Amino acid sequence: MNSSSSNQILEADFELGFTYTRSPGIIIGKFLAALKQKKLYGIRGSDGSVLFPPTEYDPRTAASLNDFVPVSAEGEIVSWTWIETPREHHQVKGPFAFALIKLDGADTPFLHRLFCDDASSISAGMKVKVDWNDDRCGAITDIRGFVPLTATVGNF
Amino acid sequence: MREVGIIAYAQSPQIRQERALNEVEMLMPMLKVALVESGLTMDDIDFVCSGSCDYIAGGAFSFVGAVDALGATPCKMESHVEMDAAWALYESWLKIQSGEIKTALIYGFGKSSVGSLPDIMSQQLDPYYMAPLWPDSISLAALQANTLLQTGRYNEEDFAAVVVDSRRKAKANDNAQLFGDVSIEQLLAEPYIASPLRRHDCCPITDGVSVMIIAEKSVATKQCERPAFIRGIDHRMEVHQLGLRQLAESTSTTLALEKVKEQSGIGSGGVDIAEIYAPFSPQTLILKDALGLTDTVNINPSGGALAGHIMMTAGLDRMGMAYRAISEGQANRALCHATSGPCLQHNMVSVLEGI
């Protein structure tokens, strides 16, 4: 700063953002780190069923959970909504679906994107597989979405 | 349990976009209307509690600004919930139960037109598994609607019939935004915005405010000719993750109803009307089943949230509408419902009664 000029307007850079980092914890953190390696883990709940993605506590008994179980990168559609015109925040270019997908080896479905030709090609029980992102950073978006099992990855 | 009655309620018109007034300016006239109706002044109010969402205004602690509407004096014991104002009522009801206060003024406000509400709502989701995908509130409700369709209990015509009923009943509601006569065929001809939901299946973006005054029985009966007494009230929450829930059911609503029955001795068969907070038409059907409501009960005589939806007061508005029906003698007992969270995660049930 130049102190010789008393009427100088002071300026400073300001970047709007969070000035702290946050750990996702030992359960969610392990799950997210595994995504980077293209590996998928569920967690065993109190009744023996496999919850996917892992929760830190059992949703019914509130017991602390820590038994990780590997699950498949293939699964089936449980429910879906076809979105012909994506909103800007959806971060996808063309029509797609949000879907509840149950992976083989897991007992609970989870939310992600589904890419396929059109709404009429989707049905309950339809087989799908993970389409991985090339750039993975340990986030749920390391999975770009799901595509039909028979589809060639990269077509959508 | 101390008896608590609703003694006044004021709601602004539920308009699509309020261009001139800010939240405080929208609140001030409604506060006055409610106080006049109650025959009380701010001096007589022991506690004030509000419900709103800072994400809608886009500023941290923006709810604090709304306190300006109350005036600088007299100083008031005050609280806020980042939830629908129905939960502000619940906090106030608890405070009366504790014996600490006798009267409470509750308000809620939402000016949704200033942002993109469906996208904003996606940020209430857990930050690791769901929020990064930005699933907007309409898409999540559509997933739930599709799950309901797959059970075979209802079809898309049933969704449209809910809308037809809402628009028809809302013709008698001066504050409604959407009202009139529409046909199922007309509605089903519209395109999907997120299948199987069409635009009319979703509550309209609305700007508005609501104010309610409740009082312990000794004050309520003195101030109000026909208060609506809260005979039972309870709220229950389900797990956040959608895949861990039965989306076509509302188990937390049913559980809350059971608790309300224990408190009040009144079940869903014993009410004249039901005001249900269902922001999306299929949710009306899920909640109707969860509450065990039959066709003998008039559901949403106000038109419900599909006719006007002030985000953060739509739950309190259900109780307000039921209070109006009771105070005007159109009903004696009413079942009220409020919801919060994605796909009916958190639900409140109450029973109001006149006399």
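Residues numbered from 1 in each chain as written. Chains lettered and ligands numbered in written order. Predicted model: local features only at pLDDT ≥ 70, side-chain atom pairs only at ≥ 80, totals over all residues. Heavy atoms only, no water.

**Student:** So, the overall build of chain B: which residues are in play, and what are the values?
**Tutor:** When its secondary structure is counted, chain B shows twelve helices and twelve strands. Over its C-alpha atoms, taken along the principal directions, chain B stretches across nearly 55 × 45 × 40 Å. Looking at chain B residue by residue over its 355 residues, the buried ones come to 62%. When contacts within chain B are restricted to residue pairs at least 6 apart in sequence, those whose partners lie at least 24 apart make up 80%. Of the roughly 13100 Å² of accessible surface on chain B, a fraction of 51% belongs to carbon and sulfur atoms. (Helix = DSSP H or I, 4+ residues; strand = E, 2+ residues; numbered from the N terminus. Buried < 20%, exposed > 50% of the residue type's maximum accessible area, 1.4 Å probe, protein only. Contact = heavy atoms within 4.5 Å. Areas by Shrake-Rupley, 256 points an atom, 1.4 Å probe, with all protein chains shown as cover.)

**Student:** How would you explain the sheet that holds strand β11 (residues 333–340) of chain B if you had to name every residue and give the values?
**Tutor:** By definition, the strands of a sheet pair up through backbone hydrogen bonds, in either a parallel or an antiparallel sense. Residues and elements named next belong to chain B. Pairing is mixed across the open sheet formed by ten strands, whose spatial order is β3-β2-β4-β7-β1-β8-β12-β11-β9-β10. Every other strand in the sheet has two partners, leaving β3 (77–81) and β10 (298–299) as the edge strands with one partner each. Summarising the sheet, β11 and strand β12 (residues 346–353) pair through eight bridges and their orientation is antiparallel. The residue of β12 that forms the bridge with His337 is Val349. Sheet strands in contact with helix α4 (residues 85–97) are β1 (4–11), β2 (47–51), β3, β4 (103–111), β7 (207–216), β8 (228–237), β11 and β12, and its direction is about 155 degrees off that of β2. (Pairing = 2+ DSSP bridges. Axes fitted to C-alpha atoms, helices over the stretch in contact; angles between N-to-C directions.)

**Student:** Now, about the domain arrangement of chain B: what can you tell me, with residues and values included?
**Tutor:** All names here are of chain B. Under the domain assignment used here, chain B contains domain 1 (4–115 + 205–223), domain 2 (117–200) and domain 3 (228–353). Residue-level contacts link twelve residues of domain 1 with seven residues of domain 2. Both sides of the domain 1 and domain 2 interface together cover about 800 Å² of buried area, and 53% of this is carbon and sulfur. Together, Gln14, Tyr55 and Ile205 form the three largest contributors to the area buried by domain 1 at its contact with domain 2, with a combined 48%. Here domain 1 is connected to domain 2 by zero salt bridges. Where domain 1 touches domain 2, the interface holds five residue pairs in polar contact (both at pLDDT 80 or more). Across the side of domain 1 that touches domain 2, the residue classes break down as five nonpolar, six polar and one charged. (Domains from an automatic or database assignment. Buried area = accessible area lost by both parts, 1.4 Å probe. Salt bridge = Lys/Arg side-chain N within 4 Å of Asp/Glu carboxyl O. Polar contact = N/O pair within 3.5 Å; in protein donor to acceptor, adjacent residues only side chain to side chain. Nonpolar A, V, L, I, M, F, W, Y, C, P; charged D, E, K, R; others polar.)

**Student:** Kindly report on the pairing of β2 of chain B, identifying the contributing residues and their values.
**Tutor:** All names here are of chain B. A large share of β2 lies buried, amounting to five of its five residues. Bridge count between β2 and β3: five bridges; the pairing is parallel. When the bridges of β3 are listed, Phe47 appears paired with Met77. Judged from the five bridges that link them, β2 and β4 form a sheet pairing that is parallel. Residue pairing for β4: Val48 is matched across the bridge by Leu105.

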